[in-house]
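For reference, the chains in residue letters:
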Amino acid sequence: MTRFIVIRLLMIIPIMLGVSFFVFILAHLAPGDVTTTLTGPYATEEVREQLRETLGLNLPLPVQYGRWLGQMLQGEFGTSIANRRMVSELIFPKFASSAILALTSAALAYTIGLLVGIFAAARPYRSFDRISLAVTLMFGSMPPYWLGLLLVLLFSLTWRWLPATGMTKIIDGGGAVDVLAHLVLPTIAAAAAPAAIIARTVRATMLEILNQNYIKVARAKGIRRNVILRKHALRNALPPIATICGLQLGYLLGGVLFVEVIFAWPGIGYQLWQAIQARDIPTIQGASLIVAIAFVLVNLAVDVFNAYTDPKIRISEGARAR
Amino acid sequence: MLNYIKKFAVLGAATAAGATIGLGSFDAKPAHAGGTLVWAIPAAMSLFDPPQSCGWLTKNATHMIFDGLVELELGKPEAPWAVLKPALAESWTVSDDGLVYTFNLRKGVKFHDGTPFDATVAKWNYDRFQDPTAPQFSKTGAAFLDFYARWIAKTEVVDANTFRVTLKEPNYEWLQVGQSSCGQPEMISPAAFAKWGEKDIALHPVGTGPFKFVEREIDVKVVLERNDDYYGTPAKLDRLIFRQITDPATRIAALRAGEVNMVTEPPWDEIENLVGEGFQLQLQPNVPSVWYAQFNMKSPAVKDVRVRKAINMAIDREGVAKEVLKGTGKAEAGILSAGTFAYDANLKRYPYDPEGAKKLLKEAGYENGLEVTFDIFDYGWNEAWEKWLQRDLKKVGVDVKLNKLEWMTYLGKWLQGMPEDVAMDSMGWGWSVPYWTAHATRCDHHPPNGINGGWYCNKKVDELYAQAIKTQDHAKAAAFYREADRIIMEEDVAFLPVFSYHNPILLAANVKGFVNGQENWYDFTLPSVE
């Protein structure tokens, strides 16, 4: 298992290189020049060129990329061009905010998705299954910004139970209770679609497994349904369920941009969007990289989990590694 | 939907008192007697270093932290335009030839870090953006303030409390030209600069203003607190918080939920409902900016003046003001903006006349139609009026291709001037002095030397501007500007002015004393929150 994890960790390096390279190229291909906002409408081309030189933006792209990579290897994300802050100062708190929202949303989505999926598969084509199919289809198709606005309208403006925006109160805010109160609505808005996707995946996977011959044998032997579901069906269904759960968590960690915008949640997705608008390349690079690392690590965790729960995967990966 | 929102809001207000679940109050209650004003700002702010600061939103924070020699009087909303009032200079004189400005500085003023302010400090700050040999010279600051610094011949310390600026040529508007938002000649603490340097000074703003900088969380919030040692009348507010909320619906939700108590750029359709719910609406008809399209004199599509005239005649500007802006703007037919001494509020020009427009287009040889490209930018709401233009022009046979660009892309393109394949582009801008029109139209302001991206040039107009800034009498100077505007709009037809915007601001009922002044930034020493 250790060997398997080490190999997967090493594979992160080329993935990160690829991600950072593509982000770098895309950021440079986008039209617009950051020096226009940094020097204003009256600046001469000479002043702009001087600034490009100071910022290293006039260097050939491979050299710029090499410099950035060199910085990264020393653990430095560089300085934001637009804000003059260290990129790490900007993105780590925002990533932490996104992670809080992502983890609570994922927890909610997993709980609802697994419970609904399993119960629906346990009694297929009965009323709970049919209702859950319809409801999950509705939530899966519902844009998070629309659901977010609806939640705000009901819970913040009509009943005044929960705050509408932000991560803490803007005046004298802070503390766990304050953050929890602010978390509720964005968590529901962000979790709705993943919960629906997970529920439908769990249902489909479980149904497929429940039709396998070994399940029929187990039933014929008189084993109780709960035991069949828990010990025989669910365990075998875990790898695809874990994979979809991991993917959903990865997306959530990347910042649920619409949810962040609707709830003014200070997350990494919103920060990245602002950086793109400002053509703040170091911040774009740093934010993209941290999101990519989170995504890859979550998927690695899923792979490890799958290998742990499914010996077939562990053996085949081990054989390939040899 | 809006009716539902209103009903829900009323229901919410009725049940708010009883409906709590123990998660704590989230209303924006004032911490102390003066209270805290929380303004939901619609976009990001730029750097907090006055010469390098740019933008209306940023100026709202910087002009509260920093002071210039003079500032605009923004506490008298009924005045047709804002005039200068003393700030760090308690008085000033202009020589009869209009060349020498002498400032009598206030005594005993200190920066927030305790550094004393005097004439040496004033010169140090001015040299930072106009003397390339000064060690503190800022290239980017000088670039931003070029419109102001290009007039300066020299700066002098006459004595500890007297600072003098000599111009290269007479310009009676020069001092007020400095009251712009993109590049601000306001004073920073030299001690803070010595500590932090050019690179980091914007992260540690230290001025003499009525508010002190407390913290800035990029793209989230900026917090200022009252400066109790301010030399002028201290602010009433204890704290002023700018909270960035880019989505209009979210801004309104935050206002309704009591999480912010001031909102600008509200969705126009919501204004009536919000007023009905008890929020205060403030409009300002004399904001010095006009929203317009500039014609490209190099574009084959609009090179015929009859075409440009026809386009002006084809637009139902009153319709834009009434139907699109819902009464938050006024139709305009000149590029001299309101809020300046040269503005003529009664000017009637280019009434809506689609038949006349068709006739002119036919004369110009376009009876079978014409296609033009119109570059526009994403500002959240401006596409609404640009689509109105597109619809109106379609009625007279002009097919408009709206080329919408994201702001940074647009700005880069706009600053380079229009290429031949673009017939017109859009902008909303102005200053509190009419000389802004010279910036947009002078022959020597073609890119890259200025913002005249439509390549307009008329020496007669330039001469009128030259005379206007040498004229101290506003009435006489206004006559020069109005003649320039007449030539630009009636003879050359270089622009398509559409409307002026009245900056609707919505305030919670507990905000008292706020004044929506004749600018896009406000005097936050005036309001309090109960």
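Coordinates for the structure precede this section.
Residues numbered from 1 in each chain as written. Chains lettered and ligands numbered in written order. Predicted model: local features only at pLDDT ≥ 70, side-chain atom pairs only at ≥ 80, totals over all residues. Heavy atoms only, no water.

Re the pairing of strand E4 (residues 89–94) of chain B
All names here are of chain B. Sheet topology note: the E4/strand E5 (residues 100–105) ladder contains five bridges and is antiparallel. Within E5, the position partnered with Val94 by the bridge is Tyr101. Adjacent in sequence and paired antiparallel, E4 and E5 are bridged by five residues, among which Gly98 carries a positive phi angle near 75 degrees. (Pairing = 2+ DSSP bridges. Helix = DSSP H or I, 4+ residues; strand = E, 2+ residues; numbered from the N terminus.)

What about the side chain of Asn83(A)?
Mapping Asn83(A) onto the fold places it in the loop between helix H4 (61–73) and helix H5 (87–122). Classification of Asn83(A) as buried rests on a relative accessible area of 12%. Excluding anything up to four places from it in sequence, Asn83(A) contacts Leu90(A), Asp280(A), Leu47(B), Leu203(B) and Ile218(B). (Buried < 20%, exposed > 50% of the residue type's maximum accessible area, 1.4 Å probe, protein only. Contact = heavy atoms within 4.5 Å.)

Things to note about the pattern of salt bridges
All names here are of chain B. A full pass over the atoms with the stated rule returns 36 salt bridges over all chains. Glu73 is paired through a salt bridge with Lys85; the nearest N and O atoms lie 4.0 Å apart. Taken together, the residues Glu73 in the loop between strand E2 (70–72) and strand E3 (84–86) and Lys85 in strand E3 connect sequence positions 12 residues apart. Residue Asp485 is joined to Arg349 by a salt bridge in which the shortest nitrogen-to-oxygen separation is 3.0 Å. (Salt bridge = Lys/Arg side-chain N within 4 Å of Asp/Glu carboxyl O.)

Side note on the sheet that holds strand E17 (residues 424–429) of chain B
Residue and element names in this part refer to chain B. On the basis of which strands lie adjacent, the open sheet formed by six strands has the order E14-E18-E13-E17-E15-E16 and mixed pairing. Each having just a single partner strand, strand E14 (329–331) and strand E16 (398–405) make up the two edges of the open sheet. Pairwise comparison of adjacent strand axes, ignoring direction, gives a mean angle of 25 degrees for this sheet. Across the sheet, helix H13 (residues 383–395) is in contact with strand E13 (290–295), strand E15 (370–377), E16, E17 and strand E18 (495–501); its angle to E16 comes to roughly 160 degrees. (Axes fitted to C-alpha atoms, helices over the stretch in contact; angles between N-to-C directions.)

A short note on the nonpolar core
One finds Phe103(B), Tyr126(B), Trp174(B), Phe242(B) and Phe524(B) to be the most contacted residues of the largest nonpolar core, which totals 158 residues. For this core, the element with the highest residue contribution is helix H17 (residues 474–491) of chain B, accounting for seven residues. Filtering out sequence-adjacent residues up to four positions away, Phe524(B) remains in contact with Leu37(B), Trp39(B), Asn60(B), Met64(B), Phe211(B), Ala235(B), Leu237(B), Leu240(B), Phe242(B), Met262(B) and Phe514(B). By size, the runner-up hydrophobic cluster in this structure holds 60 residues, among which are Val23(A), Val87(A), Leu249(A) and Leu272(A). (Core = buried A, V, L, I, M, F, W, Y, C linked by side-chain atoms within 4.5 Å.)

With respect to the packing of helix H9 (residues 213–220) of chain A against helix H10 (residues 225–253) of chain A
All names here are of chain A. Two elements in contact, H9 and H10, have axes separated by 11 Å at closest approach and are oriented at 175 degrees. Overall, the two elements H9 and H10 adopt an arrangement that is roughly antiparallel. Contacts between H9 and H10 involve Tyr214, Ile215, Ala218 and Arg219 on the former and, on the latter, Ile228, His232, Ala233 and Asn236. Here the contact of H9 with H10 is built from residues that sort into five nonpolar, two polar and one charged. (Parallel < 35°, antiparallel > 145°, perpendicular 65-115°, else oblique. Nonpolar A, V, L, I, M, F, W, Y, C, P; charged D, E, K, R; others polar.)

A closer look at the sheet that holds strand E9 (residues 221–226) of chain B
Residue and element names in this part refer to chain B. Across the sheet, which stays open at both edges, the seven strands sit in the order E8-E9-E10-E1-E11-E19-E12 with mixed pairing between neighbours. Each of the sheet's edge strands pairs with one partner strand only, and the pair in question is strand E8 (211–217) and strand E12 (280–282). Ignoring which end each strand starts from, the neighbouring axes of this sheet average 20 degrees apart. Judged from the three bridges that link them, E12 and strand E19 (residues 505–507) form a sheet pairing that is antiparallel. If you follow Gln280 over to E19, its bridge partner there is Leu507.

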